[in-house]
Amino acid sequence: MAHCILRIALDTPLNAVFDYRWDCETSSRPRVGQLAMVPFGPREVVGLIVDILEETDVPEEKLKAALAVRSQLAPLSPQWLALAGFAAEYYQRPLGEVALPGLPKNLRVASTVALERAIKKLAKLEQPHDPAPANVPALNADQQVAAAAIAGAQGFAPFLLYGVTGSGKTEVYLQACAQVLAREPQGQVLVLVPEINLTPQLETNIRNRFPGVMLSTLHSRLSEGERMLHWLAAHEGKARIVLGTRLSILASMPDLKMIVIDEEHDPSYKQQEGLRYSARDLAVWRAHQLQIPVVLGSATPSLESWHHALKGRYRKLELRERAVQQAVLPAVKLIDTSRRRGQEGLAEQLVEAIRLRMERGEQSLLFLNRRGYSPVITCESCGWVSECKRCTALMVLHKTDYRLRCHHCSLEMRIPRHCPTCGNIDLQPLGRGTQRIEESLQQLFPQARVLRIDADSTRRKGSAQEAFDSVHRQEVDILVGTQMVAKGHDFKNLTLVGIMNPDSSLFSQDYRASERLFAQLMQVAGRAGRQGGSESEVLVQTSYPEHPLFSALVAHDYDYFANSLLGEREVAGLPPYLYQAILRAEARELELALEFLRGARDLVQHGGITINDPIPMSMARVHNMERAQLLVESPSRPALQAFLKEWMQALREQKTRIKWSLEVDPVDI
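A brief look at the structure comes next. Here the residue numbers are simple positions, counted from 1 along each chain's written sequence. Local features in this predicted model are restricted to residues whose pLDDT is 70 or higher, and side-chain atom pairs enter the listing and the counts only when it is 80 or higher, whereas totals over whole chains, interfaces and linings include all residues. Hydrogen atoms and water are omitted, and side-chain values are computed over all heavy atoms in the structure.

1. Some words on the sheet that holds strand 18 (residues 412–414)
Pairing between two strands is assigned when DSSP locates at least 2 bridges connecting them. Note on conventions: DSSP H or I runs of at least 4 residues are helices, E runs of at least 2 residues are strands, and numbering of each starts at the N terminus. Overall, antiparallel pairing links the 3 strands, which are arranged 16-17-18 in an open sheet. Here the strands that pair on one side only, and so sit at the sheet edges, are strand 16 (396–398) and strand 18. Strand-to-strand twist across the sheet, computed as the mean angle between neighbouring axes with direction ignored, equals 30°. As judged from the 3 bridges shared by strand 16 and strand 17 (residues 403–405), these two strands associate in the antiparallel manner. In the sheet register, Val396 faces strand 17, and the bridge partner there is Arg405. A fitted line through C-alpha atoms represents every axis, and for helices the fit uses only the stretch in contact; the resulting angles, taken between N-to-C directions, go from 0 to 180 degrees.

2. Remarks on helix 16 (residues 590–601)
By this rule the span expected of a helix is its residue count minus one, scaled by 1.5 Å. A rise of 1.5 Å per residue sets the reference length of helix 16, with its 12 residues, at 16 Å; its end C-alpha atoms lie 17 Å apart and thus fit the reference within 8%. Remark: exposure states derive from per-residue accessible area (1.4 Å probe, protein chains only) relative to the maximum for the residue type, with buried under 20%, exposed over 50%, and partly exposed in between. Of the positions making up helix 16, those classed as buried are Ala593, Leu594, Phe596, Leu597, Ala600 and Arg601. The arc enclosing the buried residues of helix 16, seen along the axis, measures out at 160°, which places them on a common side. Should any heavy atoms of two residues lie within 4.5 Å, those residues are counted as being in contact. Where the residues of helix 16 are buried, they touch strand 24 (579–587), strand 25 (610–611), strand 26 (615–622), strand 27 (625–634), helix 17 (637–652) and strand 28 (659–664). Comment: arc refers to directions from the helix axis out to C-beta atoms.

3. Let's talk about the sheet that holds strand 12 (residues 315–319)
Sheet architecture is open: 7 strands sit in the order 8-9-7-10-11-6-12, paired in parallel fashion. One side of each edge strand has no neighbouring strand; the edge strands of this open sheet are strand 8 (215–218) and strand 12. The mean angle between the axes of side-by-side strands here comes to 20°, regardless of whether they run parallel or antiparallel. Where strand 8 meets strand 9 (residues 241–244), 4 bridges bridge the pair, whose relative direction is parallel. Its bridge partner lying in strand 9, Thr217 is registered against Leu243. On top of the sheet, helix 5 (residues 169–183) reaches strand 6 (157–163), strand 7 (188–192), strand 9, strand 10 (256–262), strand 11 (293–298) and strand 12; it is set at about 175° to strand 10, its chief contact.

4. Observations regarding the environment of Ala239
When you line up the elements, Ala239 lands in the loop between helix 7 (224–235) and strand 9. With a relative accessible area of 0%, Ala239 lands in the buried category. Measuring from C-alpha to C-alpha, the distance between Ala239 and Gly187 comes to 9.5 Å, with 52 residues separating the pair along the chain. Beyond its immediate sequence surroundings of up to four residues, Ala239 is in contact with Gln188, Met214, Ser216, Ala233 and Ala234.

5. Focus on the nonpolar core
For soluble globular proteins, nonpolar side chains are generally found buried alongside one another. Each nonpolar core is a collection of buried residues, namely Ala, Val, Leu, Ile, Met, Phe, Trp, Tyr and Cys, held together in the definition by side-chain atoms within 4.5 Å. Formed by 119 residues in total, the largest nonpolar core has its most connected members in Trp231, Ile249, Ile259, Leu583 and Trp647. Not counting the four nearest positions on each side in its chain, Trp647 is found in contact with Leu583, Ala600, Leu603, Val604, Leu630, Val632 and Leu662. Counting 33 residues, the second-largest nonpolar core is a separate cluster that includes Leu139, Ala147, Leu174 and Leu198.

6. Thoughts on the pairing of strand 27
Of all the 10 residues making up strand 27, 10 are buried; the element is thus mostly covered by neighbouring parts of the structure. Here strand 27 shows a buried face lined by Met625, Arg627, Gln629, Leu631 and Glu633 and a second buried face lined by Glu626, Ala628, Leu630, Val632 and Ser634. Pairing geometry for strand 24 and strand 27, over 9 bridges, is antiparallel. Its bridge partner being in strand 27, Ala585 is matched across the sheet by Ala628. The pairing of strand 26 with strand 27 spans 4 bridges and is antiparallel.

7. Some details on unusual backbone geometry
Following Pro575, the chain continues into Pro576 via a peptide bond in cis, with omega recorded as 15°. You can see Pro576 is positioned in the loop between helix 15 (558–572) and strand 24. Of note in this structure, Gln291 is not a glycine but carries a positive phi near 60°. Note on placement: Gln291 falls in the loop between helix 8 (279–290) and strand 11. Judged by its relative accessible area of 42%, Gln291 falls in the partly exposed class.

In short, the description is geometric, and any link to function would need to be established separately.
What follows is the structure, given as structure tokens:
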């Protein structure tokens, strides 16, 4: 019997591909990039064909036959396979663990019903492709230069679009996109956003601008059927624009001609579970692979991207003015809370500013990156605090639910009636979260329409967009929110931003904390005064008004702040002047995790590589598992990659019950 050998990648921790027999006499010959159903142990699973051979080293008696090939679906392109292969090699994961999870779940199940249903539905949705844009506004001079540079780029061209908040970066994306689609009859554009909540507003803008172009969206809140349909539209080249969060960087797009990464600085682009990849970095690699332009847009670029621009690796395009005439950046003022705390955490100056906006019929935003009512409850008699039983964390008071909740392991419990230690019934909330600020505002301004937007208030599907729509419809006077409201949203009538309790990040052990805080504050400050016509301001409550970070914030001077931080990083030998990886270990006992890491440290010779001592993680215990980490560093990325490849092979050969994982280019240490 004539047969060929299918080499198939499976979603398994084993760092290998697997050979299967396929009968070529009775069936058509498969193609590389197709999916196949195969037996694997006691299960039948879907894998990806990565090679087809005529013979194999596997003994005939051990060689199993593939069960079926998904011929309904066009093969994944060689370029997509190369992207998955690069991600697997760079992030030190098996190919199957990268390629298969990047596909819709309905493609990875035994039944083909969902796939066939999506194919039929997509055929009915077909429409003539008309890339002509509608309702195109005029650009200012800086926007014209930026859009022309992007659209006119030849080959691989990385751009850093650096524009102040409200400078019209989205309009530059759209007009560059229009030129690319007009020039490339089959061309596709990928637009990445850091968070799901930013997709509806941008989706609306894209649909209004390109009514004759099929748009696909890809993010984790889609149902499996929706994701299958949208992915298939992109895979078949019918969706000319794909909008999505970080997972969409692994979308199959056979005619990709441009990539846009909005808010490129956002840490949400880094996956923190499973394959710990950076969608931003993979986007740059994918653009280089395909020799197409990639646009990284931000008002507060990451230091890595800023460094690349300074070194000439990226071309910097600047938008220094707000796009709307008469719209200027808001005045930033500092309120020294070390001298006067105010009432319920709200300084008198901030309260009066809110009252003034109420009288004018304008909107205010209070930003506090801490959800819940209070970060902890405490007993003033004995000092007891509401600690999580499973984590080295405090349980947050959620007053509306009358629950204590751990934001790390999701443990919940009712608020105790008395102190578990001394029996005191007078337990007090300590600190403030968004729920408590909302309550305080309702007491101070009983006539005001107060709305809270955070992860607790927007759990229901579609509730976040409903909340933002109510703000846009002027149905809200005071908005209270976490980082969900800090970026990307264009609130036309918002003229006041109050920033509460930013000080906790000033003295963090994480060297990236000040960079993230500054970006966060600049972004949320940029929500004010975007439409002009009224004086706007940002009031920052801080106990450290002399801190250099706040001086740069008052001056809206990202350039100075970024250059200063880069200087500090260079002296200290930190990224982007150094490359890092972290090996993490979890065990029931901390000493077991540390012992594993100490053994791992000595597995491989490491010339030119610095391996630091293993230490407990800052959040040492989560869900009753003790956690430790080992930091590996090198001034050379190729040297680090070579070491990691050898090290991972040695680690996989270790017989241990310790759960461990490796993260390359970590963003949290």
